[in-house]
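The chain contents come next:
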Amino acid sequence: MKFENSKKLYKKALELIPGGVNSPVRAFKSVNREAPIFVKKGEGSKIWDEDENEYIDYICSWGPLILGHNHPKVLEAVNEIIANGSSYGLPTRYEVDLAELIIETVPSIEKIRLTTSGTEATMSAVRLARAYTKRNKIVKFEGCYHGHSDALLVKSGSGLLTEGYQDSNGITDAVIKDTLTLAFGDIEKLKKLLLNEDIACVIIEPIPANMGLIETHKEFLIEVREITKKTGTILIFDEVISGFRLALGGAQEYFNISPDLTTLGKIIGGGYPVGAFGGKKEIMDLVAPIGRVYHAGTLSGNPISAKAGFATIKYLYENKEKVYKELEEKTEYLVDGINKLAKKYSINICLNTLGSLFTIFFTDSDKIENLEDSLKSNTENFSLYFNTMLEEGIIVPPSQFEAHFLSLAHTKEDLDKTLISIEKAFKKIGEKNGK
Ligand SMILES: *Cc1c(COP(=O)(O)O)cnc(C)c1O
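Residues numbered from 1 in each chain as written. Predicted model: local features only at pLDDT ≥ 70, side-chain atom pairs only at ≥ 80, totals over all residues. Heavy atoms only, no water.

Moving on, we get to the sheet that holds strand β14 (residues 404-405). Pairing is antiparallel across the open sheet formed by 3 strands, whose spatial order is β11-β12-β14. Sheet topology places β11 (349-354) and β14 at the edges, where each strand pairs with a single neighbour. Sheet topology note: the β11/strand β12 (residues 357-362) ladder contains 6 bridges and is antiparallel. Paired with Cys-350 across the two strands is Phe-361, which belongs to β12. On the sheet, helix α12 (residues 320-344) packs against β11 and β12 and is oriented at approximately 175° with respect to β11. (Pairing = 2+ DSSP bridges. Helix = DSSP H or I, 4+ residues; strand = E, 2+ residues; numbered from the N terminus. Contact = heavy atoms within 4.5 Å. Axes fitted to C-alpha atoms, helices over the stretch in contact; angles between N-to-C directions.)

Below is the structure:
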């Protein structure tokens, strides 16, 4: 395989853009590659790079593309309005349509505000929780990622982990002091914190997928809900990944737990820039212009994103009896195959999976339940896995600390081809480890 055009573009990008990329994980640094691939186009389960290499894609834009690349329904929806103009800074019907569909499908959301990214959604939800409770401190879990606003970058996951650190520079001591963090799953410490201090909100990925996919226990989430209720603390479910991914109503439907506020993103924009926060009317009505919690955006709820998101969710809604089952079956088929191959080549892995998400942790542990567990993984083995897959025409997340995403466009043929490549990767890892 040749990567000349990507390498050239990367070289140029390095002069112009810090690290050559507009989001750190894209640099492929932690998987020891000279350059990332530069993508030219996508269709269904596949993408093509600037050197015309074809890949089966398990990144799927990090989650939005649950229907696959360039889905005809989404393309048709966008085409219907794209010639009309782009954005007006005034309301459009498409925002109302999307809001209505989300409120109908996500159980705890009574009112919703659209943003341009997930980062803005979580940032605004935290501000809203502080205004509602008139408290300052917030609680988040180590390794959960909620975008890159100051308060939420403390002990964060995703790209930071990939780069080998957890806290960003440039955040004031005051902000760090107001963000309390604890290990995912540590209910005793959470109870102690909430009972002893005034905490505005607990923000959590109900299905943590930004330190690799972490196993969640429903009992833990139930206890989080109970203690936050008891202490008058707002519970924010960050469902930017899990929303519409596991079920129409996301993790809250899947686990049957109702948060006070929910943040969404990714899937609800159908591949276009988006985010949203919503929840109880009583809380949401504090948002400007009716309340005094300020949130705004030049492109908030822009018509193209709203229309693409609506088309995506509508497709899922109309086919809900089969889409989630189909996604789960495909993922199960793949994951079963991977587990069998790991056994065959004596590769120690812990394969966490839920719905259409999974992470192969290269580790001796048989349980990965929090950041500490996740960080014990062998990233050299992961790198060998990533690179073998890439050279085989399969693109997986370029980091041990991210999830693989399946889409409805992935075919049985794709999955079988993937398993053949994984067998090669595991063989290499086995040889390297002298087995
Ligand atoms: C991706 C993500 C975000 C941030 O969304 P952006 O649109 O990238 O700003 C927030 N929370 C979670 C759980 C995410 O996965």
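Reading across the sheet, the 4 strands line up as β1-β2-β3-β13 and stay open at both edges, with mixed pairing between neighbours. In the strand order of this sheet, the two ends are held by β1 (39-43) and β13 (394-395), each with one partner. Note that β1 and strand β2 (residues 46-49) share 4 bridges and pair antiparallel. Paired with Lys-41 across the bridge in β2 is Trp-48.

A word on the pairing of β12. Within β12, 6 of the 6 residues are buried, leaving the element largely enclosed by the surrounding structure. Going residue by residue along β12, you find Leu-357, Thr-359 and Phe-361 tucked away on one face and Phe-358, Ile-360 and Phe-362 tucked away on the opposite face as well. Hairpin geometry of β11 and β12 is characterised by an intervening segment of 2 residues between the two adjacent antiparallel strands and by a positive phi of about 55° at Gly-355. Where β12 meets β14, 2 bridges bridge the pair, whose relative direction is antiparallel. What sits directly across from Leu-357, in β14, is Phe-405. (Buried < 20%, exposed > 50% of the residue type's maximum accessible area, 1.4 Å probe, protein only.)

Below, the discussion takes up helix α15 (residues 412-432). Taking 1.5 Å per residue, 21 residues should reach 30 Å; α15 reaches 30 Å between its end C-alpha atoms and fits that length. Restricting attention to buried positions, one finds in α15 the residues Asp-414, Leu-415, Thr-418, Leu-419, Ser-421, Ile-422, Ala-425, Phe-426, Ile-429 and Gly-430. Taken from the residues just after α15, Gly-434 is the one with a positive phi, measuring 70°. (Expected span 1.5 Å × (residues − 1).)

It is characteristic of soluble globular proteins that their nonpolar side chains tend to be buried jointly. Counting 41 residues, the largest nonpolar core has Val-139, Phe-141 and Leu-190 as its most contacted members. With sequence-adjacent residues up to four places away left out, Leu-190 is seen in contact with Val-139, Phe-141, Leu-182, Val-202, Val-224 and Ile-227. By size, the runner-up hydrophobic cluster in this structure holds 36 residues, among which are Tyr-55, Ile-349, Tyr-385 and Ile-395. (Core = buried A, V, L, I, M, F, W, Y, C linked by side-chain atoms within 4.5 Å.)

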